[in-house]
Amino acid sequence: MGRGGLAAVSKLAKLLAMKTRHHSITANGLTHHVRDTAPEGELRGVVVCLHGFPDDHHSWDALTPLLAAEGYRVIAPDLRGFGLTDMAERLGDYDMFDG
């Protein structure tokens, strides 16, 4: 097997070794869902991936394993009212300055 093949096998091993957990965090009366993917071995840093409207943490499904394979912990929350995170009761609760 050549160098390229060994590199591919090494990357595949890293992908298989990553650990994904799902957390629930309660803040401001709402339960927030967070997907937390960490590499096996040395951690190079943390990447927080925030989705846009009207998506959820699945927006980052393709990127998450690539970042984890490179040694990054990837945190992808579902923002308020999307995915598995609670929806606020009042429209005003979504105001960035008063909510």
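Keep in mind the model is a prediction, meaning the values are calculated, not measured.

Calculation criteria
- Residues numbered from 1 in each chain as written.
- Predicted model: local features only at pLDDT ≥ 70, side-chain atom pairs only at ≥ 80, totals over all residues.
- Heavy atoms only, no water.
- pLDDT = per-residue confidence, 0-100.
- Helix = DSSP H or I, 4+ residues; strand = E, 2+ residues; numbered from the N terminus.
- Phe/Tyr/Trp six-rings, centres within 6.5 Å; stacked < 30°, edge-to-face > 60°.
- Buried < 20%, exposed > 50% of the residue type's maximum accessible area, 1.4 Å probe, protein only.
- Pairing = 2+ DSSP bridges.
- Right-handed = clockwise from strand over helix to strand, strands pointing away.
- Salt bridge = Lys/Arg side-chain N within 4 Å of Asp/Glu carboxyl O.
- Axes fitted to C-alpha atoms, helices over the stretch in contact; angles between N-to-C directions.
- Patch = residues over 30% accessible without salt bridge, like charges linked within 9 Å, V, L, I, M, F, W, Y side chains within 5 Å.
- Areas by Shrake-Rupley, 256 points an atom, 1.4 Å probe, with all protein chains shown as cover.

### What to know about the confidence of the model for the protein
Part 1 of the reasoning: Averaged over every residue, the pLDDT of the protein is 86; the share at 70 or more is 81%.
Part 2 of the reasoning: Considering each helix and strand of the protein separately, the mean pLDDT is smallest for helix 1 (residues 3–17), with a value of 64, and largest for strand 3 (residues 45–48), with 97.

### A short note on the packing of aromatic side chains
Part 1 of the reasoning: The full count for this structure, using the stated rule, is one aromatic pair.
Part 2 of the reasoning: A centroid spacing of 5.7 Å and a plane angle of 80° characterise the contact between phenylalanine 53 and phenylalanine 82, whose relative ring orientation is edge-to-face. Taken together, the residues span a long stretch of sequence, with phenylalanine 53 in the loop between strand 3 and helix 2 (63–69) and phenylalanine 82 in the segment after strand 4 (72–77) at a distance of 29 residues.
Part 3 of the reasoning: Classification of phenylalanine 53 by relative accessible area gives exposed; the value is 71%.

### With respect to the pairing of strand 3
Part 1 of the reasoning: Across four bridges, strand 3 lies against strand 4 in parallel orientation. Paired with valine 46 across the bridge in strand 4 is arginine 73.
Part 2 of the reasoning: Chirality of the crossover, the property in question, places the unit of strand 3, helix 2 and strand 4 among those that are right-handed.

### Focus on the pattern of salt bridges
Part 1 of the reasoning: One pass over the full model with this rule turns up five salt bridges.
Part 2 of the reasoning: Close ionic contact of lysine 19 with glutamate 40 constitutes a salt bridge, the shortest N to O distance being 3.1 Å. In this pair, lysine 19 is assigned in strand 1 (residues 19–27) and glutamate 40 in the loop between strand 2 (30–38) and strand 3, connecting sequence segments 21 residues apart.
Part 3 of the reasoning: A salt bridge links arginine 35 to aspartate 61, with the nearest nitrogen and oxygen atoms 2.5 Å apart. Placement of arginine 35 in strand 2 and of aspartate 61 in the loop between strand 3 and helix 2 is noted, with a sequence separation of 26 residues between them.
Part 4 of the reasoning: Where salt bridges share partners, they join Arg21, Asp36 and Arg73 into one cluster.

### Overview of the sheet that holds strand 1
Part 1 of the reasoning: Sheet architecture is open: four strands sit in the order 1-2-4-3, paired in mixed fashion. Whereas interior strands pair on both sides, the edge strands pair on one side only; in this sheet they are strand 1 and strand 3. Averaged over all pairs of adjacent strands, the angle between strand axes in this sheet comes to 25°, irrespective of strand direction.
Part 2 of the reasoning: Across four bridges, the pairing between strand 2 and strand 4 is antiparallel. Looking at the pairing, aspartate 36 lines up with isoleucine 75 of strand 4.

### Structural notes on a nonpolar patch on the surface
Part 1 of the reasoning: There is a patch of nonpolar side chains on the surface, built from Leu43, Val46, Val48, Leu50 and Leu79 and spanning about 430 Å² of accessible area.
Part 2 of the reasoning: Along the chain, leucine 50 falls in the loop between strand 3 and helix 2.
Part 3 of the reasoning: Its relative accessible area of 52% is what places leucine 50 among the exposed residues.

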